[in-house]
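Fold and geometry: a report
Residue strings, one per chain:
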Amino acid sequence: MKNILQPNLQFTAVYEVEIHYIRPVFSTLSQITRPEDAVKLIHIFTKNTTLDVKEYFWVVLLNTANRLLGIAEVAKGNEKCVIVPNREIFQLALKTNACAIILCHNHPSGSLKPSEGDINITKKIIKAGKLLDIQILDHLIITSETFLSMSNEGYF
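Below you will find a few notes about this structure. Quantities reported herein were computed from a predicted structural model and do not represent experimental measurements.

Going through the model one piece at a time under the given rule, you end up with 2 salt bridges. Glu 36 is paired through a salt bridge with Arg 34; the nearest N and O atoms lie 3.8 Å apart. Take Glu 36: its relative accessible area is 36%, and that puts it in the partly exposed class. A salt bridge links Arg 34 to Asp 37, with the shortest nitrogen-to-oxygen separation between them at 3.5 Å. Note on Arg 34: relative accessible area 44%, which makes it partly exposed. Residue classification places Asp 37 among the buried positions, given a relative accessible area of 16%.

Below, the structure written as structure tokens:
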């Protein structure tokens, strides 16, 4: 049997990954029962003046009772697009023990029409969520004036 380890190889450090999670007090968590609830929280979380300048992508993290665990800005793009970091979305969901998430991004142009890219990334994230038992409840497109729920409009 051949030794596959190099004889002079030395290990100087061992790194351990830890996840720390403390569930917030249930009664203090906002409940999301409709897309308008999530949009209202996103508008509180963001500066409305930035919605018309660049595209941003947020994730709303929810527990099994659709109570808000947190909102995170996961990407900032330019005036035309934003690169969506799928891995980061699910890292946040797993770290917060979220059972469901709502995706959200803005269109600085003011148009609410989802692009082919919006539709494709939503389907890709839904597929990944199924593997992890994390439900994607909606993908919201917001402007400074209004919003569109891709779920309510039948995009998925």
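The subject of this paragraph is the nonpolar core. Phe 57, Ile 89, Ile 101 and Ile 125 are the most contacted members of the largest nonpolar core, which has 21 residues in total. Among the elements of the structure, strand 1 (56-62), strand 2 (68-76), helix 2 (86-95), strand 3 (100-106) and helix 3 (116-132) are those that each provide at least two residues to this core. The biggest single contributor to this core is strand 2, with 4 residues. Among all residues touching Phe 57, those that are not within four sequence positions of it are Ala 72, Glu 73, Val 74, Ala 75, Val 82, Val 84, Ile 89, Leu 103, Cys 104, His 105 and His 139.

What follows deals with the pairing of strand 2. Within a regular beta strand, the side chains point alternately toward one face of the sheet and then the other, so they alternate between its two faces. Counted residue by residue, strand 2 has 7 buried out of 9 residues, so it is predominantly covered. The pairing of strand 1 with strand 2 spans 7 bridges and is classified as antiparallel. Directly across from Val 59, in strand 2, lies its bridge partner Ala 72. Two successive antiparallel strands, strand 1 and strand 2, enclose a turn made up of 5 residues, where Asn 66 displays a positive phi of approximately 55°.

Taken in spatial order, the 5 strands make up an open sheet running 2-1-3-4-5, and their pairing is mixed. Edge positions in the open sheet fall to strand 2 and strand 5 (147-149), since each of these has one partner strand only. The mean angle between the axes of side-by-side strands here comes to 20°, regardless of whether they run parallel or antiparallel. The pairing of strand 4 (residues 135-142) with strand 5 spans 3 bridges and is antiparallel.

Here we take up the layout of surface pockets. Considered as a void within the structure, the largest pocket measures approximately 180 Å³ in volume. Lining the largest pocket are 13 residues, and of these Val 82, Val 84, Gly 117, Asp 118 and Ile 121 sit closest to its centre. Here the element with the most residues in the lining of the largest pocket is helix 3; it accounts for 3 residues. Residue composition of the lining of the largest pocket, by class: 6 nonpolar, 4 polar and 3 charged.

Conventions adopted
Residues numbered from 1 in each chain as written. Predicted model: local features only at pLDDT ≥ 70, side-chain atom pairs only at ≥ 80, totals over all residues. Heavy atoms only, no water. Salt bridge = Lys/Arg side-chain N within 4 Å of Asp/Glu carboxyl O. Buried < 20%, exposed > 50% of the residue type's maximum accessible area, 1.4 Å probe, protein only. Core = buried A, V, L, I, M, F, W, Y, C linked by side-chain atoms within 4.5 Å. Helix = DSSP H or I, 4+ residues; strand = E, 2+ residues; numbered from the N terminus. Contact = heavy atoms within 4.5 Å. Pairing = 2+ DSSP bridges. Axes fitted to C-alpha atoms, helices over the stretch in contact; angles between N-to-C directions. 1 Å grid on protein atoms, 1.4 Å probe; cavity = no way out; pocket = protein on both sides within 12 Å on 5 of 7 lines; lining within 4 Å. Points joined across faces, edges and corners; volume = space filled by probe spheres on them. Nonpolar A, V, L, I, M, F, W, Y, C, P; charged D, E, K, R; others polar.

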